[in-house]
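# Residue-level structure breakdown
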Amino acid sequence: MKEKLSIIKIGGNIIEDETSLQAFLKLFANLEGKKILVHGGGKRATHIASKLGIESQMVNGRRITDAETLEVITMVYGGLVNKNVVAKLQALNTNAIGLTGADINSIQSVKRPVKDIDFGFVGDVESVAHDSIDKLIQAGFTPVFCAISHDGNGQLLNTNADTITSQVAIGMSKLYDTSIYYCFELNGVLEDINDKNSVVKHIDNSLYQDLLAKGIIADGMLPKLENCFAALKNGVSTINMGNTEMLTQENDNFTKITL
Ligand SMILES: Nc1ncnc2c1ncn2[C@@H]1O[C@H](COP(=O)(O)OP(=O)(O)O)[C@@H](O)[C@H]1O
Ligand SMILES: CC(=O)N[C@@H](CCC(=O)OP(=O)(O)O)C(=O)O
């Protein structure tokens, strides 16, 4: 039997709220077993871009990334957010190492081909160096990934943090029994976005199609669920989605995704 590995993702709203972030990092630091953290930071990037007079444009939950925007996201995800998260984890006695996909060649991607929309410098993940990432884990380090990959030819590419999460989990599932926890500010996937208690506790592929058709799944939830099904079809064992309290095991009010 393979050893367990947890891949946990936190989104922009948690990162923006110092209290939520600190509470999450404490839970993460205390989590038993081998683990990887992936963080977003889309909200902070939008905020800092706007201060620089750069307008942000999202299509289907993904950022149109021109050359200027790529500079901003590199500074915000790879620098500001990643290094602060790593420093806070160090303060909690977790020996974290912050990474983009270029570091140790961990995540290679290709620039998304232009079809109806030109996303600019956005990468679709092609390969994850699971053996190299495992060397860090085996050495006792906790990898902390931001939402940046590279193309192997010197180009950094913006890559949705939910995609980084599912692709790293798929890669690591060659070595481990992997579970993904998508932590965000809501209690899970909601039947009614205005009712925080309307958590859909279990989503399988057929309910997913139904929720999509009804327009219940929108915005940032689109890439999240798309990534969940890709991960489950490619070796990931379990996926849960909800607020950070779901890591405590005392809370069962979250969404479980299965095929
Ligand atoms: N049915 C739904 N249930 C929950 N959230 C939804 C739903 N449909 C759309 N969303 C939106 O998806 C967002 C989560 O995606 P995203 O913004 O990418 O989160 P994060 O970056 O925090 O991980 C929620 O804040 C919510 O606005
Ligand atoms: C291509 C693309 O959309 N990249 C995302 C990466 C950050 C992210 O995913 O952050 P959250 O998890 O906080 O939303 C973006 O720039 O917004």
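Conventions used here
Numbering of residues starts from 1 in every chain and runs along the sequence as written. Each chain is given a letter, starting from A, and each ligand a number, starting from 1, according to the order in which they appear as written. Confidence filtering applies because this is a predicted model: local features only for residues at pLDDT of at least 70, side-chain atom pairs given and counted only at 80 or more, and all residues used for totals across whole chains, interfaces and linings. Excluding hydrogens and water, the side-chain figures rest on all heavy atoms present in the structure. UniProt positions are given in the numbering used here, feature names are shortened, and annotations may be inferred rather than shown by experiment. Elements are defined by DSSP. Helices are runs of H or I of four residues or more, strands are runs of E of two residues or more, and each kind is numbered from the N terminus. For the exposure calls, accessible area comes from a 1.4 Å probe over protein chains only, and a residue counts as buried if that area is under 20% of its type's maximum, exposed if over 50%, partly exposed in between. The contact criterion used is simple: two residues touch if any of their non-hydrogen atoms lie within 4.5 Å. Following DSSP output, two strands are said to pair if at least two bridges run between them. Only C-alpha atoms enter the line fits that serve as axes; for helices the fit covers just the stretch in contact. Angles between N-to-C directions range over 0 to 180 degrees. Every helix has an expected span of 1.5 Å times one less than the residues it contains. Pairs of N or O atoms are called polar contacts if they sit within 3.5 Å, as long as, within protein, a hydrogen donor faces a hydrogen acceptor (for residues adjacent in sequence, only side-chain-to-side-chain pairs). Definition of nearness: a residue and a molecule or strand are near each other if at least one heavy atom of the residue lies within 4 Å of the molecule or strand. The accessible surface values rely on the Shrake-Rupley method and a 1.4 Å probe; as for residues, cover is taken only from the protein chains in view. Put simply, Ala, Val, Leu, Ile, Met, Phe, Trp, Tyr, Cys and Pro go in the nonpolar bin, Asp, Glu, Lys and Arg in the charged bin, and everything else, Gly too, in the polar bin.

The protein chain goes by Acetylglutamate kinase in an unreviewed UniProt entry, where it is assigned to Algibacter lectus. Comment text from UniProt for the protein chain, heading Catalytic activity (unreviewed entry), reads "N-acetyl-L-glutamate + ATP = N-acetyl-L-glutamyl 5-phosphate + ADP". Looking at the Subcellular location (unreviewed entry) heading of the UniProt record, one finds this comment for the protein chain: "Cytoplasm".

Another point: the UniProt feature "site: Transition state stabilizer" (unreviewed entry) in the protein chain. If you check UniProt for "site: Transition state stabilizer" (unreviewed entry), the listed places come out as Lys9 and Lys224 in our numbering. With the annotated positions falling across 216 residues, the maximum pairwise C-alpha distance of 10.6 Å places them together in a single cluster. Within the secondary structure layout, Lys9 lies in strand E1 (residues 4-10). Lys9 gets classed as buried once you look at its relative accessible area, which sits at 6%. Each residue touching Lys9, except ones within four places of it in the same chain, is listed here: Val38, Gly40, Ala161, Asp162, Thr165, Tyr181, Tyr182, Cys183 and Lys224.

On to the sheet that holds strand E13 (residues 238-242). The 8 strands are arranged E5-E8-E2-E1-E11-E13-E14-E12 in an open sheet whose pairing can be described as mixed. Two strands in the sheet have a free side with no partner beyond their single neighbour: strand E5 (96-99) and strand E12 (202-203). Two strands pair when backbone bridges link them, and E12 and strand E14 (residues 255-257) are joined in this way by 2 bridges, in the parallel orientation. From the neighbouring strand, Ile203 faces E14, where its bridge partner is Ile257. Docked against the sheet, helix H5 (residues 130-138) engages E1, strand E2 (34-39), E5 and strand E8 (142-145), running at close to 115 degrees with respect to E2.

Before going further, it helps to spend a moment on helix H6 (residues 161-172). Between the first and last C-alpha of H6 there are 16 Å, a value that for 12 residues agrees with the 16 Å anticipated at 1.5 Å per step. Among the 12 residues of H6, 11 are classified as buried, and the element is accordingly described as predominantly covered. Of the positions making up H6, those classed as buried are Ala161, Asp162, Thr163, Ile164, Thr165, Ser166, Val168, Ala169, Ile170, Gly171 and Met172. Residue Asn160 occupies the N-cap position of H6, its side-chain oxygen lying 2.8 Å from the main-chain nitrogen of Asp162.

Taken together, 15 residues lie near ligand 1, and Lys9, Glu185, Leu190, Ile216 and Lys224 sit nearest. In this structure, Lys224 approaches ligand 1 through a side-chain N or O atom, which is 2.5 Å from an oxygen atom. Compared with its free state, where it exposes 570 Å², ligand 1 has 82% of that area covered by protein. When its residues are assigned to classes, the shell around ligand 1 shows 8 nonpolar, 4 polar and 3 charged.

A few words on the environment of Leu25. For Leu25, the location among the structural elements is in helix H2 (residues 18-30). Taking the C-alpha atoms as reference points, Leu25 and Leu37, separated by 12 residues in sequence, lie 9.8 Å from one another. Contact partners of Leu25, with chain neighbours within four places excluded, come to Leu37, Val85, Lys88, Leu89 and Leu92.

Quick look at the pairing of E2 now. The buried fraction of E2 is high, at 5 of 6 residues. Looking at chain direction, E1 and E2 are connected through 6 bridges and run parallel. Opposite Ile7, over in E2, you have Ile36 as the bridge partner. Bridge count between E2 and E8: 2 bridges; the pairing is parallel. Within E8, the residue paired with Val38 across the bridge is Phe145.

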